[in-house]
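Examining the three-dimensional arrangement
Spelled out, the chains give:
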Amino acid sequence: MNQSVRIAPPQDFIQEAVRQAPEPSRHEAELDARKRSFLRMASHELRTPLNSILGFSEILATELFGPLGSPQYKEYATIIRESGERLLRLVNQILEIARLEGQAADLDLRPEPLDAAVDDAIDGLAREIKARGVRPALKSDGWLPHVVADPRGLRTVLSALIQNAVNASPEGGEVRIRADPAGDWVDIVIEDDGPGVDPEELPRLVRAFEQGENALTRHSEGAGLGLPICELLCRAMGGRLILHSELGRGFSAKVRLARA
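Criteria and cut-off values
- Residues numbered from 1 in each chain as written.
- Predicted model: local features only at pLDDT ≥ 70, side-chain atom pairs only at ≥ 80, totals over all residues.
- Heavy atoms only, no water.
- Helix = DSSP H or I, 4+ residues; strand = E, 2+ residues; numbered from the N terminus.
- Buried < 20%, exposed > 50% of the residue type's maximum accessible area, 1.4 Å probe, protein only.
- Contact = heavy atoms within 4.5 Å.
- Areas by Shrake-Rupley, 256 points an atom, 1.4 Å probe, with all protein chains shown as cover.
- Pairing = 2+ DSSP bridges.
- Axes fitted to C-alpha atoms, helices over the stretch in contact; angles between N-to-C directions.
- Salt bridge = Lys/Arg side-chain N within 4 Å of Asp/Glu carboxyl O.
- pLDDT = per-residue confidence, 0-100.
- Disulfide = S-S within 2.5 Å.
- Polar contact = N/O pair within 3.5 Å; in protein donor to acceptor, adjacent residues only side chain to side chain.

In terms of regular secondary structure, the chain is built from 8 helices and 7 strands. The proportion of buried residues among the 260 residues of the chain is 37%. Taking the contacts inside the chain whose residues are at least 6 apart along the sequence as the reference set, 71% of them involve residues at least 24 apart. Roughly 15400 Å² of accessible area belongs to the chain as shown, and the carbon and sulfur atoms make up 53% of that amount.

Bringing the sheet that holds strand β5 (residues 185-192) into the picture now. The mixed open sheet is built from 5 strands, whose spatial order is β2-β4-β5-β7-β6. Looking at which strands have only one partner, the edges of the open sheet turn out to be β2 (135-139) and β6 (240-245). If you compare each strand with its neighbour and ignore which way they point, the axes differ by 20° on average. Packed on one face of the sheet, helix α6 (residues 151-168) meets β4 (174-182), β5, β6 and β7 (251-258) and runs near 25° to β5. Packing against the sheet, helix α8 (residues 226-236) makes contact with β6 and β7, and its axis sits at approximately 140° to β6.

A few words on α8. With 8 of its 11 residues buried, α8 lies for the most part within the structure. Taken together, the buried positions of α8 are L227, P228, I229, C230, E231, L232, L233 and C234. Lining the buried residues of α8 we find α3 (71-101), α6, α7 (202-205), β6 and β7. In the stretch just after α8, G238 is the one whose phi turns positive, near 80°.

This part is about the pattern of salt bridges. In total, this model carries 15 salt bridges according to the counting rule given. A salt bridge links R110 to E112, with the nearest nitrogen and oxygen atoms 4.0 Å apart. For E112, a relative accessible area of 8% translates into the label buried. R155 is the salt-bridge partner of D120, the closest N and O atoms lying 2.8 Å from each other. One end of the pair, D120, is in helix α4 (residues 114-124); the other, R155, is in helix α6, and 35 residues separate them in sequence. Judged by its relative accessible area of 40%, D120 falls in the partly exposed class. When salt bridges that share partners are traced, they join E174, R176, R178, D180, E191 and D193 into one network.

Mapped onto the elements, R152 comes out in helix α6. Separated by 45 residues in sequence, R152 and L107 place their C-alpha atoms 8.5 Å apart.

Turning our attention to the confidence of the model for the chain. Considering every residue of the chain, the mean pLDDT works out to 82; 79% of them sit at 70 or more. The low-confidence segment residues 1-9 (pLDDT under 50) makes 4 contacts with residues lying over four places distant or belonging to another chain.

A few words now on the state of the cysteines. Tallied over the full model, the rule gives 0 disulfides. The cysteine C230 is free of any disulfide, with C234 supplying the nearest cysteine sulfur at 6.4 Å.

With that out of the way, let us pick up unusual backbone geometry. The residue E63 is not glycine, and still its phi comes out positive at about 55°. When you line up the elements, E63 lands in the loop between α2 (26-61) and α3. Residue classification places E63 among the partly exposed positions, given a relative accessible area of 28%.

Time to look at the side chain of D187. Positionally, D187 belongs in strand β5. A polar side-chain atom of D187 sits 2.7 Å from a polar atom in the side chain of R256.

What follows is the structure, encoded as structure tokens:
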């Protein structure tokens, strides 16, 4: 006699895996608590002086309390502020890598609308998009599906991938964004018409601190942590990151998440 078999959706698999996972030992729990404590301390101790540097350099650069005298002072204050902003971004990325690799990130997986997440990511990159004259093009029929994701994690992934596409695109180019439902999954695809990279380079791009010399990363400064963070976040949200590229044929990043 034939029996029908129900295939559980991916979010059920995630929840079941969490439910059946063995309870951590007391030693593991103590180590986890220490990791979280260290990350909180490092976050506070690193960000506090950086915030002061950024705040006071902003006051000097804008001459809030009056002219500084020589124009060079204003120029130097601007350089200090921009350098501080780059350092703060790096600190935030290193802490995020540490949280994700140490499984100390507190993610809230829930149904999340892609429309709002994509809009937030594009709005946050408005200045860079305008500076390069790139057009973000959302390829959809007017509605994007919901996915199972952490709201902040989803926006971090989308922002990093769209930023990569904007930086790699030629001036006046187009960054295409679409969401393709695939059964119990949704594939969020971000494509550009940049120079692309050698397919053999793709595995190295998701390893931390391996920016290297390739067409994808030469356009901007950084430690090469954007894609590794995306990879770790996608895994933590029960999905995966799939990269595809060929030299001279652009770059494609696909985020596969459970459909809500």
